[in-house]
Amino acid sequence: PKAPETPAPRPVAWAKRAAAPKAPETPAPRLPRAGAPETPQALGIPEEVEVEEETAEAGGVDAPNEASSGNSEHANAGPEEQAPVEEEEEEDMTKMMEVAESVGNAEAAYEFLNSANAQDNSTTEELLDSLRRDLGRLWNHQDFELEPFGSAVADLSLVSAGSTKKIELNVVLLFRGEAADAKDVRQKLMIPTITRLSTWLKNQAQMTVTNVSLQALVPVISFESPKVAVEMSVQQPHSVLNSWHLRDLCESGCPGRLRALVRLIKMWTKSKSIVSSTEGCLGSYGYALLAAGFLCSHGLVPLLLPSERQGGEASPYISAATAMEHALDGAGSGVSEQLWSSPSTAPPAQPVAPYPEMMPVELFAAWLGWMQQAPLAFAEQHHNLIGGCGGADLTSRHIVSLRPRTQTDLRGDVTRWSREESWVAGRGNQMFLTIEEPLTGENVGRNITANGFWALHSEVKRAREFLASWDGQKGSACFRALVELPALTRSVPPPQRPMGVAILGGKQQQQQQQQQPRFQTQAFHQQTLAPRPSSAGKWTGPIPAAQSGRPSTPYLQHLLQQRDRAVRPTARR
């Protein structure tokens, strides 16, 4: 009798691929990434560890052969089936980073940290191409340029595997032949353009308008596609140039240091809720400038901007017209070699000895120490100042800059060529951080409030003490424990008079008092109330034991009666 036929095995999911018997094939050799060590010995990793990591990343010996076997089910796998592979790759990258930290290989640790957070730009590029093509129906293609800026350009985004959060993208619409610094550019160009875009986007399929802000200083429109959340502004060329400059800084000096440090700072500030510029804190770009200023001051990243512009007495900063010209000329390529030097991987001078060999978390701890010693040091020196440290003079501040200038030269530049209210503290104009925007000369930290500043001050102090008390190597586990700590109360009351109550008055004091309750602690509200007149016309509150009761002297009784008659309910207002 003929033996029953065995049915062919049905293709299974990717997690059970090893169950299907296959002829052993020699897997293709793995190509090393650019700039990465090629051998386990170069990485300082034992051979048996490298073999385990390769096996885990490949998903078994049969994984490389699935794509070439003609199996259409796996070739057309959707995102749901491919997501576990991405999660495994990130977990594998994290393990490799921990191994690199354990063997003291700093270069590999920085590479693994940046590779784990590298963003795939194919989705954003596809959306930009679609927007450029469709916006041609509203304006002629030769009349405008649509350029991205922000973290997506400098490759400073944070990517988490399995996250459903949409990719954030900032873009700016630049019109040729239109000024960027005219007095009426906001009313004649920005607001009409945003209004027209809002009407057009509402009629587009798979586009959802989430916010239209016409009253802001820079009008913006926010909308979403199925995968990307976009915020668009109009006629802002400095935003594009700032992103190009920061990208070139990330590609200069010691490889991977600036990108890794900015990403660690972002993880830490987001976990402590001190990274929102709309809530009186510093924004992501401000923290990136702080990280770049720290690395440049220690010789790990070179300064690309010139010390002075051509022309001698000319302004060291770039005007809006010049910025528009360079932004339009470099649109698409992102190159502006005439404004700063090209990226260089060679540090300008001999770096300070311990910093190049530091691991990522050790470099973050060093940045915390620099923050306390330089940008935040004035708070301790002027805590007894009437009105708070926000009124301290500019000569006592440390200006964080990315230009090769001394502190004296920087103070002269910003006071001469920039707006006075951005740098000079005075009555009703408190200032807590001084961070020079390298191309415009504006103070990036001018909008920080007292509550946001003291929240940052207290978090920096706690993080530095936490890392100093950590037993063992300051690696990924140490930083993970720091991020998991709950945020401190957003409003640790500053020393002496908070927010300068003694010197502020009128409308400014009312505006600050409206912002204060959101950040004040419960203990701050539960202060003992002073005695006040009641509706009965008598004073309420604690009465000293020595003065309890009515005095027996008739004259004093007469005075008290006159006082009680004089106090009426209207006097309480």
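Residues numbered from 1 in each chain as written. Predicted model: local features only at pLDDT ≥ 70, side-chain atom pairs only at ≥ 80, totals over all residues. Heavy atoms only, no water.

Okay, the overall build of the protein next. Within the protein, the regular secondary structure consists of 21 helices and seven strands. Expressed as a percentage of the 573 residues in the protein, the buried residues total 42%. Here the analysis covers contacts within the protein between residues at least 6 apart in sequence; of these, 72% occur between residues at least 24 apart. In the structure as shown, the protein presents an accessible area of about 31100 Å², 51% of it carried by carbon and sulfur atoms. (Helix = DSSP H or I, 4+ residues; strand = E, 2+ residues; numbered from the N terminus. Buried < 20%, exposed > 50% of the residue type's maximum accessible area, 1.4 Å probe, protein only. Contact = heavy atoms within 4.5 Å. Areas by Shrake-Rupley, 256 points an atom, 1.4 Å probe, with all protein chains shown as cover.)

Under the 1.5 Å per step criterion, the end-to-end length of helix α14 (residues 360–373) is 20 Å for 14 residues, consistent within 8% with the ideal 20 Å. The buried fraction of α14 amounts to ten of the 14 residues, a majority that puts the element mostly inside the structure. Among all positions of α14, only P360, V361, L363, F364, A366, W367, L368, G369, W370 and M371 are buried. (Expected span 1.5 Å × (residues − 1).)

This part covers the sheet that holds strand β5 (residues 228–234). Taken together, five strands build an open sheet; the order of strands is β1-β2-β5-β4-β3 and the sheet is mixed. Looking at the sheet topology across the chains shown, the edges are occupied by β1 (144–149) and β3 (208–213). For this sheet the average axis-to-axis angle between neighbouring strands, irrespective of direction, equals 25°. (Pairing = 2+ DSSP bridges. Axes fitted to C-alpha atoms, helices over the stretch in contact; angles between N-to-C directions.)

So, on to the environment of E231. Mapping E231 onto the fold places it in strand β5. A relative accessible area of 36% places E231 in the partly exposed class. Placed eleven residues apart in sequence, E231 and V220 show a C-alpha to C-alpha distance of 6.7 Å. Beyond its immediate stretch of four places on either side in the chain, E231 contacts L169, N170, V171, V220, I221 and S222.

Below, the discussion takes up the confidence of the model for the protein. Taken residue by residue, the protein gives an average pLDDT of 74. The fraction at 70 or more is 66%. Within the model, the stretch residues 491–548 combines pLDDT values under 50 with 66 contacts to residues more than four positions away or in other chains. (pLDDT = per-residue confidence, 0-100.)

A separate point is the packing of aromatic side chains. Counted by the stated rule, this structure contains twelve aromatic pairs. With a centroid separation of 5.7 Å and 70° between ring planes, the pair formed by W268 and F364 is classed as edge-to-face. Of this pair, W268 sits in helix α11 (residues 257–272) while F364 is found in helix α14, placing the two residues 96 residues apart along the sequence. Here the two residues W268 and F364 agree in accessibility, since each one is buried. Relative to W367, the ring of F364 lies with its centre 5.9 Å away and its plane at 25°, an arrangement referred to as stacked. With a gap of three residues between them, F364 and W367 both fall in helix α14, about one helical turn apart. As far as the burial class goes, F364 and W367 line up, both buried. (Phe/Tyr/Trp six-rings, centres within 6.5 Å; stacked < 30°, edge-to-face > 60°.)

Two elements in contact, helix α6 (residues 106–116) and α11, have axes separated by 9 Å at closest approach and are oriented at 55°. With respect to α11, the element α6 is oriented oblique. Every pair of crossing elements has a handedness; the one defined by α6 and α11 is left-handed. Residues A106, E107, Y110, L113 and N114 of α6 lie in contact with α11, whose contacting residues are R257, R259, A260, R263 and L264. Among the residues forming the contact of α6 with α11, the class breakdown is five nonpolar, one polar and four charged. (Parallel < 35°, antiparallel > 145°, perpendicular 65-115°, else oblique. Left-handed = near helix turned anticlockwise from the far one by under 90°. Nonpolar A, V, L, I, M, F, W, Y, C, P; charged D, E, K, R; others polar.)

To continue, consider the side chain of T193. With respect to the helices, strands and loops of the structure, T193 is situated in helix α9 (residues 185–201). With relative accessibility at 5%, the residue T193 sits in the buried group. Apart from residues no more than four positions distant in its own chain, T193 is found in contact with W139, L173, F175 and V234.

To continue, consider the packing of α11 against helix α12 (residues 284–297). Packing of α11 against α12 leaves a shortest axis separation of 9 Å and a crossing angle of 135°. By the angle between their axes, α11 is oblique relative to α12. In the crossing of α11 with α12, the sense of the turn from one axis to the other is right-handed. For the pair formed by α11 and α12, the contact residues are R257, L258, L261, V262, I265, K266 and T269 on the first element and S284, Y287, A288, A291, A292, F294 and L295 on the second.

Before going further, it helps to examine the pattern of salt bridges. Scanning all chains against the criterion turns up 17 salt bridges. Of the charged contacts, one joins D129 and R132 as a salt bridge, the two residues approaching to 3.3 Å between their closest N and O atoms. In this pair, D129 and R132 both sit in helix α7 (residues 122–135), three residues apart, roughly one turn of the helix. In this structure D129 comes out as partly exposed when scored by relative accessible area, which is 42%. As a salt-bridge pair, E459 and R462 come within 3.1 Å of each other at their nearest N and O atoms. Of the two residues, E459 and R462 both sit in helix α17 (residues 450–468), three residues apart, roughly one turn of that helix. Residue class for E459 comes out buried when judged on its relative accessible area of 2%. (Salt bridge = Lys/Arg side-chain N within 4 Å of Asp/Glu carboxyl O.)

Another point: the nonpolar core. Burial of nonpolar side chains together is a common tendency in soluble globular proteins. Core analysis: the largest hydrophobic core is formed by 89 residues, its most contacted members being W268, F364, W367 and F453. Those residues within four positions of F453 in sequence are excluded, and the remaining contacts are L376, F378, A379, C389, F432, L433 and I448. Formed by 26 residues, the second largest nonpolar core is a distinct cluster that contains W139, L169, L173 and L201. (Core = buried A, V, L, I, M, F, W, Y, C linked by side-chain atoms within 4.5 Å.)

The complete set of buried residues in helix α18 (residues 476–484) reads S476, C478, F479 and L482. Buried residues in α18, looked at end-on, bunch into an arc of 160°, giving them a common side. (Arc of directions from axis to C-beta.)

This part is about a nonpolar patch on the surface. Taken together, Y555, L556 and L559 make up a surface patch of nonpolar side chains, about 290 Å² in accessible area. Structurally, Y555 is set in helix α21 (residues 554–566). (Patch = residues over 30% accessible without salt bridge, like charges linked within 9 Å, V, L, I, M, F, W, Y side chains within 5 Å.)

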